[in-house]
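Secondary and tertiary structure notes
For reference, the chains in residue letters:
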Amino acid sequence: MATRKEARTDAEDETRAGWIRRKAKEEGNRCFRNKEYKNALMRYEEAMACEPRTDKTLRANRSATYLALKRVEEAIQEAFECVQADPEWPKGHYRLGSALAAAERWAEAQQALRRGIQLAPDNPDMEKKMKHVEQKCVEEVKRRAKQMRMDRRDLALKLQEARRKDKELATLNQLKQGMASPDWDIEDHQWRPTCFPHMRKAKLDRDEFLKDPKNKVIHSYVTALADLDAPKKALPLLQDKCRIGKYDRAIQSCLQERPGSRVLSLGAGTGILQLLAARGGAAHICAFERSHMLFRMAKQSMAANQHLLDTSVIHLVDRPLHMCYSQCPVEASAEYGEPVQLDEEADVLITDMFDHNVLGMRVLDAVDHAAKHILRPGAVILPAKVHVKAMLVDMRIGKVSGLDLSYLNSYRWHPQHEKLYVHRESYLRISAPFDVCTIDLQTRVDALTTSGDEEDSVESILNSEKVETLQVEAQKSGCWNAVLMWFHLELDKDTTLASWDPTTDENNTMDGFGSSWGQAVQYIDETTVQGGESILLQVRQDQHQIYFETDPPQSRPHHAWVPRWHFDMVLDEQRNSTYENAVKNAIQLKRDMGQHPVQVLDVGAGSGLLSMISARAGADYVTGAEISAHMCDVGVLSEVMNGFAAKCTIVNQDSRYMDVLRKPDGTAPDMKRKADILVYEVFDSGLIGEGALHLVHHAQQKLLQENATLVPMAATVYAQPLEMRIKDVSGLDFQQANRWRWRPDYEGMELERCKDAWFPLAESSPVFDFDFYDIEGCMRNHEKRFEAKVSRSGTFNAIAFWFKLYLDEETVLDTSPYGNKGATWQQAIQFFEEVRVEEGDSLWLIAKHDSYGISFEVDDSTIDRMSCRTGVPQYDPVWFQRVHRVQQLNKELMKAVAQNPREYRSFAIAAVQMGSRPWDLDMDTDPAADFCTRFMS
C-alpha cells in the first residue's frame, strides 16, 4: 500500500498538472482568438502533455487550429480522435465535418454534419455549414458526372478512330489481294458528303451546274424520278375531303360572281381543279399540271368524267407553263422548244401548288409567269393570300427504355423542311403558335398584270426576298430543336383552308384541315430556354422558301442522315419492352443451364439499343454487327456513354462476312468466340425483305454455338384481300387514278391510320410459317395456293400481309392492322389489276416466297377476267415504259457509284447541291431533298 506521504505527493502533482493544463489551454484559446495559430498549437500541445490524450475539447481545438494552419489531414485526424473520445458530443462531429469539407471530401463531411445535427438540431453554425456542404455535394456530383461524360466521349472517339483505321486496313488488304490498282486513293473511299446550313442561302448558277456532264445526267435522272413518282404522291389529295370541299365551295362562289369567266388552272396533280371549275360554269379552262405523268393522270380523269360534265371547255396543255403565253411572247428554249400561244387571257387563276414547305412546288414562279403572260388586268386568284404560321417545338430523343439515346439527335436534320404528320409524332410545344408571314398573291397578280414591262416597279412591289426578325416567347422551360410550320389559304372572304390546326391535333383528329399536305419541320441546333424568355428568330422568305435562322446562325455541318423510320423504331416502347423480356428469358435460360459466360450477337445493331438491353439483362459480352458506318458511330457513342463499353462492341461489318476465325490476310477475327444468343431485328413490313433469312443462315453456320438461342425464334405471315381504291371524289369519277398505285414490289402502309381508304373482302389467312431454327427450310422457295372466301362484294385490287413475330414461346409481336401495334412496322401492300368480286365468291390466290421476299398472284385459272374487269388497267403503259428506261439508267449509275469512290463523290456533291437549292435548277423541293438524303444515309 502507498504511504500517506506518497499519496499527498501524487495529489499535489495532479493539482499542479491541472493548473498547467488549464493555463496552457487558456493561453492557447487566447492565441487562437488572436489568430496566432502556431502559438496556439504549441500551448495546446503543452496542455495535452499534462492531460490524458482523450480530452475531447483539446482535440476539437487542435483540429480547428490545424485547419486554420491549412494542415487539413492533421485536422481530420484530430477531429476523428475527438469523435472517438465522445461519439455523442455534437461539436466533435462539427469539427470533423469542417475538416473533411476543407479536404473537399464532401460526402463524408455531409455524413459527419448530419450526425452532429441529429445530436444538436438547433445549432445554427452546424446548419449553415451543412447547407454549404450539401451544395458542394451537388456540385461534386455534377462535376464527376461531367468528367465521366467527357472521359466516355473521349473513349468513344478513340474507338471510332480505331474502327476507321481497321476499315482502312481491310480496304487496303482487299486491294492487295485483288492485285488491283484503282484510280482512287483510300481518302476517296473514306470521304463523306457534307451539308452546311448556309447552303440554303447561297444561290446556284444553273448553267454552270449543268456544264458538268455528270451533273446533267444526275439532274435528268432525278427529274425523271420525280415525274414518275408524282401521280402516286398526288393520290392522297383525292382522299382529302376537307381540301377538295373547300376548294369546290370557293370556286363555285367565285364563278357565280364572275359568270362566263375564263379560268387558268395550275394544279398540284390529279386534274381535280379544272373539273371543279368546269362544273362551276367556267366558259373556258386552260389547265396545266406540273409534269408529263400528272398531265396523263389529269387527261384520264377528264375522259372518265365526260358523261358527268362538259369537259370540252377544258384545254389541258402538255407543255411547261413557262413556255406558254397569251399577252406577250416568251423566248424559245433549246431545252423546251418553241413557245405556245394560248387562245385568250384568263380572268381567274386557281392553284393548289402548295406543299408542306408552302413554296416548294415553285408556286410563285408559276403565278408570276401567269400574271405577266396569261392573265388579264383585274384577274382574281384563288387563294388570294397565304398565311404562314409556326411554333417552336422539342422533337428530341432522350431516354428510351431507361437508356440515353440523345446522341441520335445530331442525325435528326433535313436539307429542307421535313414532311411530318405531327398528330402521329411525340413532341413538346415550347412556344405558342405565332404568325410568320403573309404572302399576298392577289396583290402580286395585280402588280404584275398592270405593270407591263416596268421591271423595276414590279421588283419594288414584290420585294422577292424579305427578312424579318421575330421575338417568340417561350411558354415553358426546356430545349427546343425544331420549328413546326403550317399555313392557311384564304380562298375567299368566307373560306379558309389550313394545312394543320393545333387545336384539332390535341384531340388526335385530322378533321377540319387539309390532311394531304402534312406539316413542315425545320430542325435547329438544340437551344435551352427558360419559360418567359424571348427568343430571336429570323425569317427569310424569298421566291421559293421560308427559312428560319437563330441568333447566332446555325453552323453545324452534317455528314450523314438517319432515315425517319429509325426514330420511329427506337421510340416504339412496345417493341423495345417485348424484345427486352425475350432477351431476359433467353439469358436466364442459359444461366439455368450452367452457361457462363453468356455472349450475345446483335445483328443490325443500329443505335446499339438492343445490345445495351442485352447487356443490362445480364449478358457478359455483346457483339453488335452494323453495316452503316455512321450508325456505328451512334451505336458506339450510345454504348460508351451509357456505361456499357466493357460489355458491348459494335463491328462495322455486314454480318454475312463476319467470322470467329482469323482472316486469310491476317486480319483479326470479328468475334473472339461463337455467341450463345442471336438477337436480330432486321425485318421490313414484309418480314424477310431486308435479307433476314440470309443473316440468320450465316450466323448459324459461322457465328453461333450449336445450341444457340434465337430471338426471335419464328414468325407467321398472314394475308388478306382488300379493296383499296378511289371511286367518287366530290361527285366526280376518279377511278382511273387507281392505275397509278401499282408498283412491282410491295410497299409499307399503316392501314390502321387510313381505315376509310380500304375495307377487307375476306378473312385473313395464315400463309407461311417460318421456323428460324430450321433456316435451311426457310430459305427454300415455297409456294402456297389458298382460298379467300369473299365476305363482302367489292373490287379486289390489293393484298395486305403482316406477321406475328415469336420472340420465344411466350413473347409475341403482332403487326396486324386490327391490333394495337407500335410504330416500327407497317403492313405490306401489294397491288393488282382490279377484279370485281361478289359476296360468296372464292378468290384463289398464290403466295410465294424465296429467300428475299414474299409475293402474291391471282390464280387466273379460277376467274374470268374479261367479265370481272373494271376498265382500270393495272398500270399506265407509258409510265411503265418510262420506268423501265429509268431503271436501266439507275443500274448504270449505281454500278458506277459502287465501284468508284470518286464517282460517288461527284454524285454526292451534286445531290447535296440539288437538295439545298433545288429551285435554282428548276426542280421541286421534295424530289431533290429525297435524292440528297439517299446519298447522306
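The structure this text deals with has already been given above.
Residues numbered from 1 in each chain as written. Predicted model: local features only at pLDDT ≥ 70, side-chain atom pairs only at ≥ 80, totals over all residues. Heavy atoms only, no water.

**Observations concerning the packing of helix H13 (residues 292–304) against helix H25 (residues 877–899)**
- For the pair H13 and H25, the least separation of the axes is 10 Å and the interaxial angle reads 160°. Taken together, the axis directions place H13 and H25 in an arrangement best described as roughly antiparallel. The hand of the H13/H25 crossing is left-handed. Residue-level inspection shows His292, Met293 and Arg296 of H13 in contact with H25, the latter providing Val878, Trp879 and Arg882.
- Tallied by class, residues from the contact of H13 with H25 come to three nonpolar, one polar and two charged. (Axes fitted to C-alpha atoms, helices over the stretch in contact; angles between N-to-C directions. Helix = DSSP H or I, 4+ residues; strand = E, 2+ residues; numbered from the N terminus. Parallel < 35°, antiparallel > 145°, perpendicular 65-115°, else oblique. Left-handed = near helix turned anticlockwise from the far one by under 90°. Contact = heavy atoms within 4.5 Å. Nonpolar A, V, L, I, M, F, W, Y, C, P; charged D, E, K, R; others polar.)

**Comments concerning the pairing of strand E35 (residues 842–849)**
- Across eight bridges, the pairing between strand E31 (residues 782–789) and E35 is antiparallel. Each bridged residue has a counterpart across the sheet, and for Glu787 the counterpart in E35 is Trp844.
- As paired elements, E35 and strand E36 (residues 854–858) share five bridges and run antiparallel to each other. Looking at the pairing, Ile846 lines up with Glu857 of E36.
- Hairpin connection from E35 to E36: four residues lie between these consecutive antiparallel strands. (Pairing = 2+ DSSP bridges.)

**What to know about the pattern of salt bridges**
- For the structure on display, the rule yields 48 salt bridges.
- Close ionic contact of Lys232 with Glu747 constitutes a salt bridge, the shortest N to O distance being 2.9 Å. Here Lys232, found in helix H10 (residues 213–238), pairs with Glu747, found in strand E28 (residues 747–749); they are 515 residues apart in sequence, far enough to count as distant. When sorted by exposure, Lys232 lands in the same class as Glu747, which is buried. (Salt bridge = Lys/Arg side-chain N within 4 Å of Asp/Glu carboxyl O. Buried < 20%, exposed > 50% of the residue type's maximum accessible area, 1.4 Å probe, protein only.)

**Thoughts on the nonpolar core**
- Counting 135 residues, the largest nonpolar core has Leu264 and Ile546 as its most contacted members.
- With nine residues, the top contributor of residues to this core is H10.
- Residues contacting Leu264, with those up to four places away along its chain left out, are Cys286, Phe288, Ala346, Val348, Leu349, Ile350, Ala370, Ile374 and Leu375.
- In this structure, Val400, Ala625, Phe772 and Phe796 belong to the second largest nonpolar core, which totals 92 residues. (Core = buried A, V, L, I, M, F, W, Y, C linked by side-chain atoms within 4.5 Å.)

**Comments concerning the packing of aromatic side chains**
- Under the defined criterion, the tally for this structure stands at 24 aromatic pairs.
- A ring pair is formed by Trp191 and Tyr904, whose centres lie 6.2 Å apart and whose planes are at 70°; its orientation type is edge-to-face. One end of the pair, Trp191, is in the loop between helix H8 (186–190) and helix H9 (206–211); the other, Tyr904, is in helix H26 (residues 901–916), and 713 residues separate them in sequence. As far as burial versus exposure is concerned, Trp191 and Tyr904 are alike and both buried.
- The rings of Trp191, Tyr221, Tyr904, Phe907, Phe931 and Phe935 are connected pair by pair, giving a single aromatic cluster.
- The ring of Phe567 has Arg412 sitting right over it, with the charged end atom 4.8 Å from the ring centre. (Phe/Tyr/Trp six-rings, centres within 6.5 Å; stacked < 30°, edge-to-face > 60°. Lys NZ or Arg CZ within 6 Å of the ring centre and 35° of its normal.)

**Here's the deal with the sheet that holds E31**
- Taken in spatial order, the three strands line up as E31-E35-E36 in an open sheet, and their pairing is antiparallel. Looking along the sheet, the strands with just one partner apiece sit at the ends: E31 and E36. Sheet twist, expressed as the mean angle between neighbouring strand axes with direction ignored, is 25°.

**Description of the sheet that holds strand E24 (residues 704–711)**
- Pairing is parallel across the open sheet formed by five strands, whose spatial order is E22-E21-E20-E23-E24. Strands with a single pairing partner mark the edges of an open sheet, and in this sheet they are strand E22 (648–652) and E24. When the angles between neighbouring strand axes are averaged without regard to direction, this sheet yields 25°.
- Looking at chain direction, strand E20 (residues 599–603) and strand E21 (residues 621–626) are connected through five bridges and run parallel. Within the sheet, the bridge partner assigned to Asp602 lies in E21 and is Gly624.
- Set on the sheet, helix H20 (residues 609–616) makes contact with E20, E21, E22 and strand E23 (675–680); between it and E21 the angle comes to about 170°.

In short, shape yes, function no, at least from these values alone.
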